[in-house]
Amino acid sequence: MPDDLFPTDQRPCIPVRWVSGHQTLLGWRDVLLHAHEIEDLALPLPPAASAALRVLTAFTARITDLDDPDMSAGEWADHRHHFLTSPHGGFDADRVHAYFDRYTFSLYDPDRPFLQDPRLAHQCATPSGVNKLAYGRPEGNGLAWLSPHRDTDPQPLPSHQALWHLLIHHFYGAAGRCTPRTVDGTTRADAKAGPLRSTLSFHPLADTLYQTLLAGLPPPSQQWPDAEDACPWEEALPDPFGPQPPVTWPGRLLTGRSCHALLLVPDDDGSHTTDAYVTWATHHPLPALDPYLLYDVHTARAVPATRRHRPRLADTDRALWRDLDALLLAGDETSRTHRPDAFTTLNDLSPEVRAGLRVRAHGFDQDPKTVNKTWYTALTPPIWPWLQDNNPTAAERLVECRIAAEATGALLDTVSRTAWKTANNTTRLPKTLTPFTRQARTAYWPKAETTFWHLLDHPDIPARPAFTTDAVNALRTATRVALHQQFRAAEAIACAIGQLRAGART
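This structure is a prediction, so every number in the text was calculated from the model and none was measured.

What counts and how
- Residues numbered from 1 in each chain as written.
- Predicted model: local features only at pLDDT ≥ 70, side-chain atom pairs only at ≥ 80, totals over all residues.
- Heavy atoms only, no water.
- Helix = DSSP H or I, 4+ residues; strand = E, 2+ residues; numbered from the N terminus.
- Rg over C-alpha atoms; globule rule 2.2 N^0.38 Å.
- Buried < 20%, exposed > 50% of the residue type's maximum accessible area, 1.4 Å probe, protein only.
- Contact = heavy atoms within 4.5 Å.
- Areas by Shrake-Rupley, 256 points an atom, 1.4 Å probe, with all protein chains shown as cover.
- Lys, Arg positive; Asp, Glu negative; His and termini not counted.
- Charge placed at Lys NZ, Arg CZ, Asp CG, Glu CD.
- Phe/Tyr/Trp six-rings, centres within 6.5 Å; stacked < 30°, edge-to-face > 60°.
- Pairing = 2+ DSSP bridges.
- Expected span 1.5 Å × (residues − 1).
- Salt bridge = Lys/Arg side-chain N within 4 Å of Asp/Glu carboxyl O.
- Core = buried A, V, L, I, M, F, W, Y, C linked by side-chain atoms within 4.5 Å.
- Axes fitted to C-alpha atoms, helices over the stretch in contact; angles between N-to-C directions.
- Parallel < 35°, antiparallel > 145°, perpendicular 65-115°, else oblique.
- Left-handed = near helix turned anticlockwise from the far one by under 90°.

Novice: How would you sum up the overall build of the protein chain? Please name residues and give values.
Specialist: Scanning the protein chain from N- to C-terminus turns up 16 helices and 14 strands. In summary, the protein chain has a C-alpha radius of gyration of 25 Å against a globular reference of 23 Å for 506 residues, a match within 12%. The proportion of buried residues among the 506 residues of the protein chain is 52%. Taking the contacts inside the protein chain whose residues are at least 6 apart along the sequence as the reference set, 70% of them involve residues at least 24 apart. In the form shown here, the protein chain has an accessible surface area of approximately 23,100 Å², with 52% of it arising from carbon and sulfur atoms. Here the protein chain holds 49 positive side-chain charges and 58 negative ones, and the gap between their average locations is 14 Å.

This is the structure in structure tokens:
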């Protein structure tokens, strides 16, 4: 047993940025005690930040009684408003301490390590390796592209960083082959994907973390069953082959849908993780609409009801502003998008909180199974002026501009592809994007984002011609070299520009 069990509620492990601007590490307990003095989390790994926000939101619901299923929607909104207007401006310290004293949050506790399963030490014949735990490190036959680590010489991971990667596995873990685990004589070595794998999370962001956690609380709903709600650290270890409890609000919804089981192996003093078990926890994922995901709704009869809501996936080539209208529009039963449930009660917030409300997006671009591409984060300006519930005219303008940008971008793809074929005197297209299309996209979308924000401030300017100007400039930038090297390039580019300008008039 290590000298230090690393209690995550007390040991510095979560990076935060204070309102004053400096950054420090705090334990879960101190993050909540000082939430009104903290501007935001400062976790360097976006998927870990997304997971930590869900855990902190579950803590917030517990210590404020905003997890009471017997509250009506009006009572719940009034109770949240009470906390947001509280004169002392923070969570009640006694309630924070009482909650964290009730459960075990130690990373290396021998009986109940935080978010881990101690049974893996006996159910797995061999550990998975610390490089399997740490995202970005090579493991097995993986290549070391940008990492100085080698699988033949795995280096210990500082315990606070091990917590970050533990969170990522629970929420974004891979599907497919994993370390074999034997339970009651049955061995399996395959895992299901984590509940947030490949997705893009949207979180309301206020002036302080205290306001952010309260603003981001998912509201109560009749869709959740009348069953006991629990977070993983609040209940007994689950039976891997037993029936899964139903998804309940808010604890199990936010923190209790992992398909992975992990166990960290510490060094002698508990300052580092030297090894880890990473394996399956259940083969029966709990489907639910996550309150921070944006869903595309498929209404075709051929699509089963359980698959009609498909989360908007993380895509490093897609800027956040292109999803703003789906976040801000209330929608109805005919809508093709379902905005995050956490956004449905933003209109109930006080004007002071709403005035500075922004959106923080955390994305992890992955394939559905094992390949991790990259993660990223993005931040919008204050969104309140464009919320449909508050200003329908502004919301309609935002939709108009976004649709104009997308239509122009799609037309740019088409004409640049045709121009490349003409310039190269061929009818065959490459399997990937043509060079003209790829370079035109790269030039167009950053320009379009600047134009988008400018148009929102100037509602008298027609949207489509403004984006067409960006597309024409992008195409000229993409084809500048070809214009001097290919005989038919000038003809092809002139025709493409003519089609773009014609599209602006339709």
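Next, the rest of the story.
Novice: Please provide a residue-by-residue account of the packing of aromatic side chains, values included.
Specialist: Across all of its chains, the model carries 22 aromatic pairs by this definition. Seen from their ring centres, Phe105 and Phe114 are 5.4 Å apart, and the 50° between their planes marks the pair as tilted. In this structure Phe114 comes out as buried when scored by relative accessible area, which is 1%. Ring centres of Phe114 and Trp233 lie 5.5 Å apart, and the angle between their planes is 50°; this geometry places the pair in the tilted category.

Novice: Any chance you could break down the sheet that holds strand S4 (residues 157–158) for me, citing the residues and the numbers?
Specialist: In a beta sheet, neighbouring strands are held together by backbone hydrogen bonds and run either parallel or antiparallel to one another. An order of S4-S9-S8 is seen for the 3 strands of this open sheet, with the pairing classed as antiparallel. Looking at strand neighbours, the two that pair on one side only are S4 and strand S8 (260–266), the edges of this open sheet. As paired elements, S4 and strand S9 (residues 272–280) share 2 bridges and run antiparallel to each other. When the sheet's bridge partners are listed, Pro158 is paired in S9 with His272.

Novice: With reference to specific residues and values, describe the pairing of strand S7 (residues 200–205).
Specialist: The side chains of a regular strand alternate, residue by residue, between the two faces of the sheet. Counting buried positions along S7 gives 6 out of 6 residues, so the element sits mostly inside the fold. Covered by surrounding structure in S7 are Leu200, Phe202 and Pro204 together with Ser201, His203 and Leu205, the residues of both alternating faces. Relative to strand S13 (residues 358–366), S7 runs antiparallel, the two sharing 6 bridges. Of the residues in S13, the one forming a bridge with Pro204 is Val359.

Novice: Describe the environment of Tyr172, with residues and values.
Specialist: Its place among the elements puts Tyr172 in helix H7 (residues 159–172). Classification of Tyr172 by relative accessible area gives buried; the value is 0%.

Novice: Break down helix H12 (residues 392–423) for me, citing the residues and quoting the values.
Specialist: Over its 32 residues, H12 extends 46 Å from the first C-alpha to the last, a length consistent with the 46 Å expected when each residue adds 1.5 Å. Positive backbone phi, at 50°, marks Asn425, one or two positions downstream of H12.

Novice: Go over the pattern of salt bridges with me, naming the residues and quoting the values.
Specialist: The final tally for this structure, using the stated rule, is 26 salt bridges. Between Asp101 and Arg29 there is a salt bridge, with the nearest N and O atoms lying 3.1 Å from each other. Taken together, the residues span a long stretch of sequence, with Asp101 in helix H4 (residues 93–102) and Arg29 in helix H1 (residues 28–33) at a distance of 72 residues. By relative accessible area, which is 57% here, Asp101 ends up exposed. Among the salt bridges present, the one from Arg252 reaches Glu235, with a minimum N-O distance of 3.0 Å.

Novice: Now, about the nonpolar core: what can you tell me, with residues and values included?
Specialist: Trp28, Phe59, Leu163 and Phe467 are the most contacted members of the largest nonpolar core, which has 135 residues in total. Ranked by the residues each element gives to this core, the list is headed by helix H2 (residues 46–64), at 11 residues. Not counting residues up to four positions away in its chain, the partners in contact with Phe467 are Cys401, Ala404, Ala405, Thr408, Tyr444, Ala448, Thr451, Phe452 and Leu455.

Novice: Can you break down unusual backbone geometry residue by residue, with the values?
Specialist: Leaving glycine aside, a negative phi is the common case for residues, and trans is the common case for peptide bonds. A cis amide bond links Trp249 with the next residue in sequence, Pro250, at an omega value of -10°. Notably, Phe6 is not glycine yet its phi reads approximately 55°, a positive angle. Locating Phe6 in the fold gives a position in the segment before strand S1 (14–18). Judged by its relative accessible area of 3%, Phe6 is buried.

Novice: Lay out the packing of H12 against helix H16 (residues 489–504) with the relevant residues and their values.
Specialist: Contact geometry of H12 with H16 gives a least axis separation of 8 Å together with a crossing angle of 160°. The pairing of H12 with H16 is recorded here as roughly antiparallel in orientation. Along this stretch, H12 crosses H16, giving a crossing that reads as right-handed. For the pair formed by H12 and H16, the contact residues are Leu411, Leu412, Val415, Ala419, Thr422 and Ala423 on the first element and Ala489, Ala492, Ala496, Gln499, Leu500 and Gly503 on the second.

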